[in-house]
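Each chain, letter by letter, is given below.
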Amino acid sequence: MVHVYNCHPFASQHIVSTEQEPGLVCCGGGALFVVCGCRIEAYDVRQDGCPLICRFSSVSSVRSIRHSGAGDYLVTIEEKNGAMYLRAYTNWRYQAVEKTRVGVRLLGHLLRGASFRGAPKEQMEIIEIPLFEPPLCMACCPLTGDLLVGCAKSLVVFSLKHQKLSEQLSLLDFERVLILHVQGLSPSQVAFCAGFVALQTELEVLVVKLTQQQKNTPDTGHHHVLLPDDIITDAASDEDAEMKKDGFSPLHEQEDFFMFPKHQEMLGSEAQDCGTSFLLEWTGIEVERSEDMSICYVLYRRFAPDFFQGCSVEETHLHSLQLHPMFTVTQEESIISKGEEPTCMFVFFSLPNTGYMYSLKDSVELVSTYQYPEKTHQAVLSNQFLYVITRNALQCFTVRCSAVAARVNDPYIDTTMKACPPITMEVCALRIQLFIGLKAVCHDGNHIVLLTAADVDNREDVERPARKNTSRKTSVCKSTEPTDSGHGWNLYVITCVSTLQLYQEIVEYSKRYEQSSPLSQSCVHLLSEAHLLLRSALLTQQDYEPHLQQAFQESCAHLADCFSRLDKKDCHLALPYYNISGLSVTDVVQRNMAMCNFSSGYGRGFLFYLKHSLYEGTVEELNEGMANKVLEIFSVAEPTELPHVVSNPSMLRANPDCAMTHLRQLDISGTSSITLSLSIASLALRKGDLHTYRQQMDRHAEMLQVYGFLEEPKLLLHGRGKAVVPTVLAQHLRDTQEGLLVAAVVALHENRQIRLEEADFFFQELCKDEIQRAPQLLLDFWEALLVASANESIIQELLFHLVSVYIDRLTCRDLSGVKALKTADDLINSCCHYGMLYPWVSILTPVQFGIAHDQQDLHKLQSLLCGPTLEVSSILPLLEKLSDRDNTGLSVHVLCATKLGQHEGSINKLLERCPQAIISYAKHELQNEKLCLWWQKLFPELCERIRRTGNDTTILSALRDVLAVVAIELNPLEFLDLLPDDGTAQFFLPHLLECSQRNLLIALYQNITCLDVWE
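A brief look at the structure comes next. Small disclaimer: the values here were computed from a predicted structure and weren't measured.

Okay, the sheet that holds strand 22 (residues 319–326) next. Strand order in the open sheet formed by 4 strands is 22-23-24-25, with antiparallel pairing between adjacent strands. Since the sheet does not close on itself, it has two edges, and those belong to strand 22 and strand 25 (365–371), each with one partner. Between one strand axis and the next, the sheet turns by 15° as a mean value, whatever way the strands run. Judged from the 5 bridges that link them, strand 23 (residues 344–350) and strand 24 (residues 354–359) form a sheet pairing that is antiparallel. Bridge pairing links Ser350 to Gly355 in strand 24.

Pasting the structure below:
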């Protein structure tokens, strides 16, 4: 049973007097339509007194009536002589002028004859809509105005058309576009909206959707004939009839009992096995569209007749089928104009004692179940409420439409940033209003229409509604004609109160529970309902209302206050509700101080909010008094959190002596930690107490202190992004323990507590007084991070940064004298990305003891180029700044060219600039597939240079080394082909002889090996 409150969602009521007893009522477009026999009367519910708009006669007796907001037309099912007809009444508002013309025509037949000659006439039209089967029910799509008609074996879809006859005249018409032949179900009620089609029988509900399918996709949604064993289909009934004709009785009629189907629920694609199949027949002009249309099964629900809660088996049947779309402000106009789908779609249907509401968008799920206190006759669903009528009461239930729409609209709902009451929260009845003999209910905007019929012989029953009704205003519309005051029926138009007024009443109502029990769930429940009312209004409001937004933030604050006092699982919701309430931390602390019960202390929800806000850095800088109060709160509630609280940037104005006192008490209590020691040291620095600082820093080794900084990064830096600010402790470590500082920041990066860009900003801000473009401490950090990191993208970014700085320093000859934390040898020994220097590189730039810092930068750069990781192509633009006029630049350029495979150009440069390194270069680089360059490139170049320069000892020595390699790798004939024809054969003869002897020995060895194999 749902909880029933005593709020007042209804503001006033008007009694509408009609000449005859109303048979049917419906409303829409700000109008109330009353069917009295063969006459239809329209009243304006938006004006005080509900004045009559017009009245007109129907063609025959109306059995069902619906209004379509799109197109503003009425559609009726009428009966005459036992035959059922479907008619549409368009331009009905023109009947407000007496003796206006009425046109009657068939569907699709526009009157173009004498009736429209001359000036266009404004007149109401009655459109006859022919059908193959008698209509049983109908529904209008609120988005497009399209019409769905339910027949015994088919559903017919009519598209609303605007036919333009002239520049001044445009008429409404319908086109029959689709017939859905239904097998296995005959609807008693239908609903139609945004392509969703809902069908209802006495005990079954089926929801499908017309969708556009992709081409070349097999259609599996049109023919589903798989039927459960407990379903008796029409075909089975036909077989039974045939058996009866033959004189046999079916098996299920031979027994003395009847088999009822069981309860069943199928969601999504499972619903295609419900036993109902569809065959689409496209009848519109655009026939080609039929090939892309298919049926998607959404929901199937079947109930078994039962006797429960005073409802007999005969009375157990479904009623009030409704498809309810919910639009958001940003989508409503585009949805209606472009035919897009609404934000959310709900389907509602009800048994006499239980109502069900499902959400159909994205995933199908049961949103709410309504357990009525008594048997119901009819219900209507709106964005904010569900209105249900019983025999003697109008019940107003809350709904969860806005909770579903909020989660569709905002992905941050149900996070630490934003919150919304859960969809699964139990619904409640805000009001049960007594009436006598309720027969029908309908809803339009801010108005509810009730039709009652009481016993005319009992005058007390007639007058009782007015006496028992607790509405705030009652007025009777004066009829233009005399009426019988003794009739036994009444037609009420009830105006609902504004959202803000109802919200304020619910908040006041919740205070009753709060006074009796601050932790009452009823208080939270009522405030959650008030919050959902405001959220629904905000989601669907057309114009921005600052008072509504202000009330919404106030409701968030009320909910947060409730959750802040809780000590259960929902206490964490205080954080997101406070976040969207617009309250500052100071405001929240003051609110909770006022609510604090000194016997129980502060609630877990408040402490959770305060901790999370401090740790996330979303707190404004607190003044001294409030900061001291926060320290006091944590010293009592959670003293172990004090080191983290003291280190927070929002607490900078806290009294250092007060903070030190709390930390000392924590230290004395035996809960000492590394973070606590670092926090005390940081406070001592702020006070200028270096003795206490050294004492605390000496308590733990540097490696343990790194773990302390990992636990509380705010000891070193405040802020995020480009707003990173080093702390006093970080500035002191820069001057005294730069190695600890670098190690701590590397650890923070590797544990994803700081990004690389933030670390760069941190060191640049920390060393902003240095003249260098890249401070040495930043370079030390990059080198240390390169050693520790395993992220490939980070490694490549670091390599680029390091090469850029190394080249800048070599170009500018930076002699600042700042010593790096690690030398080139240290990096080579500890980091795999730094390689050992090639022998020929050492010849170009020999290593010296006590070398300058720029020489260290050179060796680090050379080591990176000798390593396996650096992509040389990425740094080519940087090489343009480095000249190769000296050996320093030459070594870098040759290294890069070699790694890019440009060996011939490198040989030319070395022969020209440093020939003593050529043999070492060749031995290291000219191997495998590059071995041929010894005789194809290096040998001719050396011979040519000897001819030009004479007997250069360096070149001659290099030539001898080359000949030694050539003699080993080539045979005598190939060797002879290489020799120059300039009369210098005597110089090459020893090497030729060595080549011949070597080849002779190889041939002899091969012959001996062959003889051994032959024997």
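From this point, the narrative continues.
Within a sheet, each strand pairs with its neighbour through backbone hydrogen bonds, oriented either parallel or antiparallel. One open sheet accounts for 5 strands, arranged 7-8-9-11-10; its pairing is mixed. At either end of the open sheet lies a strand with only one pairing partner, and these are strand 7 (61–68) and strand 10 (102–106). On average, each strand axis in the sheet is inclined to that of its neighbour by 25°, with strand direction left out of account. Summarising the sheet, strand 10 and strand 11 (residues 124–129) pair through 5 bridges and their orientation is parallel. From the neighbouring strand, Val102 faces strand 11, where its bridge partner is Met124.

Scanning the entire structure with this criterion turns up 3 cavities of 30 Å³ or more. The calculated volume of the largest cavity comes to roughly 50 Å³. Lining the largest cavity, in full, are Asn383, Gln384, Thr398, Val399, Ser402, Glu529, Leu532, Leu533 and Ser536. Its residues placed into classes, the lining of the largest cavity shows 3 nonpolar, 5 polar and 1 charged.

Considering all chains together, one arrives at 24 aromatic pairs under this definition. Both rings, one in Phe435 and one in Tyr492, keep their centres 5.1 Å apart while their planes meet at 65°; by these two values the pair is edge-to-face. Separated by 57 residues along the polypeptide, Phe435 in the loop between strand 29 (428–434) and strand 30 (438–444) and Tyr492 in strand 33 (residues 489–496) bring together distant segments of the chain. For Phe435, a relative accessible area of 1% corresponds to the buried category. A relative accessible area of 2% places Tyr492 in the buried class. One aromatic cluster is present, built from ring pairs that chain together Phe303, Phe349, Tyr356 and Tyr358. Against the face of Tyr509 rests Arg512, its NZ or CZ located 4.5 Å from the ring centre.

Turning our eyes to something else, we now look at the packing of helix 10 (residues 604–616) against helix 11 (residues 624–637). Two elements in contact, helix 10 and helix 11, have axes separated by 12 Å at closest approach and are oriented at 125°. When the axis of helix 10 is compared with that of helix 11, the two are oblique. Note that helix 10 runs across helix 11; the crossing there is left-handed. On helix 11, the residues that touch Phe606, Leu607, Leu610, Lys611 and Leu614 of helix 10 are Val630, Ile633, Phe634 and Ala637. Residues of the contact of helix 10 with helix 11, tallied by class, amount to 8 nonpolar, no polar and 1 charged.

Take a nonpolar patch on the surface next. On the surface, a nonpolar cluster with roughly 200 Å² of combined accessible area is contributed by Val4, Ile432 and Leu434. Turning to its location among the elements, Ile432 is positioned in strand 29. The partly exposed category is assigned to Ile432, whose relative accessible area is 30%.

Let us look at the environment of Pro643. Its location among the elements puts Pro643 in helix 12 (residues 642–646). Between the C-alpha atom of Pro643 and that of Leu666, which follows or precedes it by 23 residues, the distance is 9.3 Å. Every residue in contact with Pro643, bar those within four places of it in the chain, is listed here: Leu663, Leu666, Thr675, Leu676 and Ser679.

Rules used throughout
Residues numbered from 1 in each chain as written. Predicted model: local features only at pLDDT ≥ 70, side-chain atom pairs only at ≥ 80, totals over all residues. Heavy atoms only, no water. Pairing = 2+ DSSP bridges. Helix = DSSP H or I, 4+ residues; strand = E, 2+ residues; numbered from the N terminus. Axes fitted to C-alpha atoms, helices over the stretch in contact; angles between N-to-C directions. 1 Å grid on protein atoms, 1.4 Å probe; cavity = no way out; pocket = protein on both sides within 12 Å on 5 of 7 lines; lining within 4 Å. Points joined across faces, edges and corners; volume = space filled by probe spheres on them. Nonpolar A, V, L, I, M, F, W, Y, C, P; charged D, E, K, R; others polar. Phe/Tyr/Trp six-rings, centres within 6.5 Å; stacked < 30°, edge-to-face > 60°. Buried < 20%, exposed > 50% of the residue type's maximum accessible area, 1.4 Å probe, protein only. Lys NZ or Arg CZ within 6 Å of the ring centre and 35° of its normal. Parallel < 35°, antiparallel > 145°, perpendicular 65-115°, else oblique. Left-handed = near helix turned anticlockwise from the far one by under 90°. Contact = heavy atoms within 4.5 Å. Patch = residues over 30% accessible without salt bridge, like charges linked within 9 Å, V, L, I, M, F, W, Y side chains within 5 Å. Areas by Shrake-Rupley, 256 points an atom, 1.4 Å probe, with all protein chains shown as cover. Salt bridge = Lys/Arg side-chain N within 4 Å of Asp/Glu carboxyl O.

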